[in-house]
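Below, each chain spelled out in residue letters.
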Amino acid sequence: AKQNGRGQFSFYFDELQTDSKRVLLLDNELRKAIENDSFELHYQPKVSVTTGAIVGVEALVRWHNEKLGFVSPGEFIPYAEETGLIIPISECIINRACQDYLKLKSLNIKNMPIALNISSIHFHQSNFIESIMQILEKNNCPAHYFEIELTERTVMNSEKETIRKLVLLKQLGFKLSIDDFGTGYSSLSYLVQFPLNYLKIDRSFIQHICSLDDKQAVVDAIIQMAHRLHMKVIAEGVEQREQVQLLRKMGCDMIQGYYYSKPLPLDEFTEFLEFWELE
Ligand code: C2E
Ligand code: CA
Ligand code: CA
Ligand code: CA
């Protein structure tokens, strides 16, 4: 038994060591990536349920590192949030989105608002609005071309400062979305105090809408209530035709998901657009 115990201990110890080595490497490489502006954005279309047109895109960060390979945002964003590196990373991302906007504009693609995921750590910085406006102005980009996706958790504290920021962002021209709706224990009646344009229903609700009646009822209720509160609804993570049909019946406004397209590099996205318009 003792031997077993020791064996287990050294197993965990080795694993811990490899873990901390990886964290150290991750930290180093993230700092270099910030300096070299190595973060890229992939774009996932949002499709209008009523017209079938692509009415916007969500920008999702992608990072490929020589030593670590492809590191998913699900891994490096939480680490960056813990260490504060998220602020310069977020600024790189906003800047890259501006450059991509200018590329789209030069290709005569003009009605393609870009949604940015903004970490609560960045949002709650006292100079968040100045920092985003500075990047937009430097690139000559209009705020009304951008949407800001914030999770429920980000706006959960109904501090005056949160409301003040959201109102100001809205006045500056940004559209505001609540991301991952349904996962943060907030209610629509709570969210109504904010000037929100879009509500994105989390994939975990969409996943089983065709098989589970209670999920269906919840999604249906969210859509009806959001509409009464003058918000448009986006369904996330839609993968099947049956889900599209059901969401259309429920009056959902926009659909995002692998059913239409995974997030694509900018050049592939513009090709996708051309193909889409020919359909
Ligand atoms: P999110 O904002 O909820 O983004 C949706 C995630 O679902 C993305 O994963 C997207 O690629 C994936 N997805 C889209 N459609 C489908 C589908 O039909 N099925 C499935 N299974 N997945 C789908 P991704 O790109 O790995 O991003 C994960 C999370 O990392 C994001 O969740 C967001 O919280 C964060 N993130 C991504 N990009 C950024 C960024 O630029 N800034 C910040 N602060 N966070 C980001
Ligand atoms: Ca999002
Ligand atoms: Ca989401
Ligand atoms: Ca999510």
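What counts, and at which threshold
- Residues numbered from 1 in each chain as written.
- Chains lettered and ligands numbered in written order.
- Predicted model: local features only at pLDDT ≥ 70, side-chain atom pairs only at ≥ 80, totals over all residues.
- Heavy atoms only, no water.
- Donors = N, O, S within 2.8 Å, 3.2 Å for Na, K, Ca; no water.
- Helix = DSSP H or I, 4+ residues; strand = E, 2+ residues; numbered from the N terminus.
- Buried < 20%, exposed > 50% of the residue type's maximum accessible area, 1.4 Å probe, protein only.
- 1 Å grid on protein atoms, 1.4 Å probe; cavity = no way out; pocket = protein on both sides within 12 Å on 5 of 7 lines; lining within 4 Å.
- Points joined across faces, edges and corners; volume = space filled by probe spheres on them.
- Nonpolar A, V, L, I, M, F, W, Y, C, P; charged D, E, K, R; others polar.
- Near = heavy atom within 4 Å.
- Polar contact = N/O pair within 3.5 Å; in protein donor to acceptor, adjacent residues only side chain to side chain.
- Areas by Shrake-Rupley, 256 points an atom, 1.4 Å probe, with all protein chains shown as cover.
- Sits in = over half its atoms within 2 Å of the grid points.
- Contact = heavy atoms within 4.5 Å.
- Salt bridge = Lys/Arg side-chain N within 4 Å of Asp/Glu carboxyl O.
- Pairing = 2+ DSSP bridges.

The protein appears in an unreviewed UniProt entry as Diguanylate cyclase from Viridibacillus arvi.

Brief notes about the coordination of the calcium ion (ligand 3)
Coordination sphere of the calcium ion (ligand 3), protein contribution only: Asp 179 (OD), Asp 180 (OD), Glu 236 (OE) and Glu 236 (OE), at 2.2 to 2.5 Å. Between consecutive donor residues of the calcium ion (ligand 3), the sequence gaps follow D-D-x55-E. For the pair the calcium ion (ligand 3) and the calcium ion (ligand 2), the metal-to-metal distance amounts to 3.8 Å, and Asp 179 bridges them. Highlighted residues: Asp 179 in strand S6 (residues 175-181) and Glu 236 in the loop between strand S8 (232-235) and helix H11 (241-250), separated in sequence by 57 residues. The buried category is assigned to Asp 179, whose relative accessible area is 7%. The buried category is assigned to Glu 236, whose relative accessible area is 12%.

Overview of the layout of surface pockets
Using a probe with the size of a water molecule, rolled over the atoms, empty space left in the structure can be pinpointed. For the largest pocket, the calculated volume is near 1,100 Å³. As for the largest pocket, its lining consists of 43 residues, of which Glu 58, Leu 60, Asn 117, Asp 179 and Asp 180 are closest to the centre. Its residues assigned to classes, the lining of the largest pocket comprises 16 nonpolar, 14 polar and 13 charged. Here the second largest pocket defines a volume of roughly 190 Å³.

Things to note about the site of ligand 1
Among the 20 residues in the neighbourhood of ligand 1, the closest are listed as Gln 44, Arg 62, Asn 117, Glu 239 and Tyr 258. In the model, a nitrogen atom of ligand 1 is placed 3.1 Å from a nitrogen or oxygen of the Val 61 main chain. Summarising the interface, the protein chains cover 79% of the accessible area of ligand 1, which totals 790 Å² for the free molecule. Using a 2 Å cut-off from the grid points, one finds that ligand 1 occupies the largest pocket. Those elements giving two or more residues to the shell around ligand 1 turn out to be strand S2 (54-65), helix H2 (73-83) and S6. No other element matches the four residues that S2 contributes to the shell around ligand 1.

Brief notes about the coordination of the calcium ion (ligand 2)
Protein coordination of the calcium ion (ligand 2) is provided by Glu 58 (OE), Asn 117 (OD1), Glu 149 (OE) and Asp 179 (OD), with donor distances spanning 2.2 to 2.3 Å. With relative accessibility at 32%, the residue Asn 117 sits in the partly exposed group.

Focus: the environment of Glu 152
Examined against the element boundaries, Glu 152 turns out to sit in helix H6 (residues 152-155). Under the relative-accessibility criterion, Glu 152 is labelled buried at 2%. The spatial distance from the C-alpha of Glu 152 to the C-alpha of Gly 84 is 21 Å, given a sequence separation of 68 residues. Residues within four places of Glu 152 in sequence aside, it is in contact with Ile 178, Asp 179, Asp 180, Phe 181, Gly 182, Thr 183, Gly 184, Tyr 185 and Ser 186. Within the local environment of Glu 152, its side chain forms a polar contact with the backbone nitrogen of Gly 182, the two atoms lying 2.8 Å apart.

Describing the pattern of salt bridges
Considering all chains together, one arrives at twelve salt bridges under this definition. In this structure, the salt-bridge partner of Arg 31 is Asp 27, at a minimum N-O distance of 2.7 Å. With Arg 31 and Asp 27 both in helix H1 (residues 2-36), this residue pair falls four residues apart, about one helical turn. By relative accessible area, which is 43% here, Arg 31 ends up partly exposed. Overall, the relative accessible area of 14% leaves Asp 27 in the buried class. The shortest N-O distance in the salt bridge between Lys 103 and Asp 100 comes to 3.8 Å. A residue pair is termed a helical-turn pair when its members lie 3 or 4 positions apart in one helix, as Lys 103 and Asp 100 do in helix H3 (residues 86-106) at three residues. Given a relative accessible area of 48%, Lys 103 falls into the partly exposed group. Given the relative accessible area of 4%, Asp 100 is considered buried.

Some points on the pairing of S2
Judged by how many residues are buried, S2 sits mostly within the fold: nine of twelve residues are covered. Examined bridge by bridge, strand S1 (residues 40-48) and S2 share eight bridges and lie antiparallel to one another. Residue pairing for S2: His 42 is matched across the bridge by Leu 60. Between S1 and S2, which pair antiparallel in sequence order, lie five residues; one of them, Gly 52, sits at a positive phi of approximately 75 degrees.

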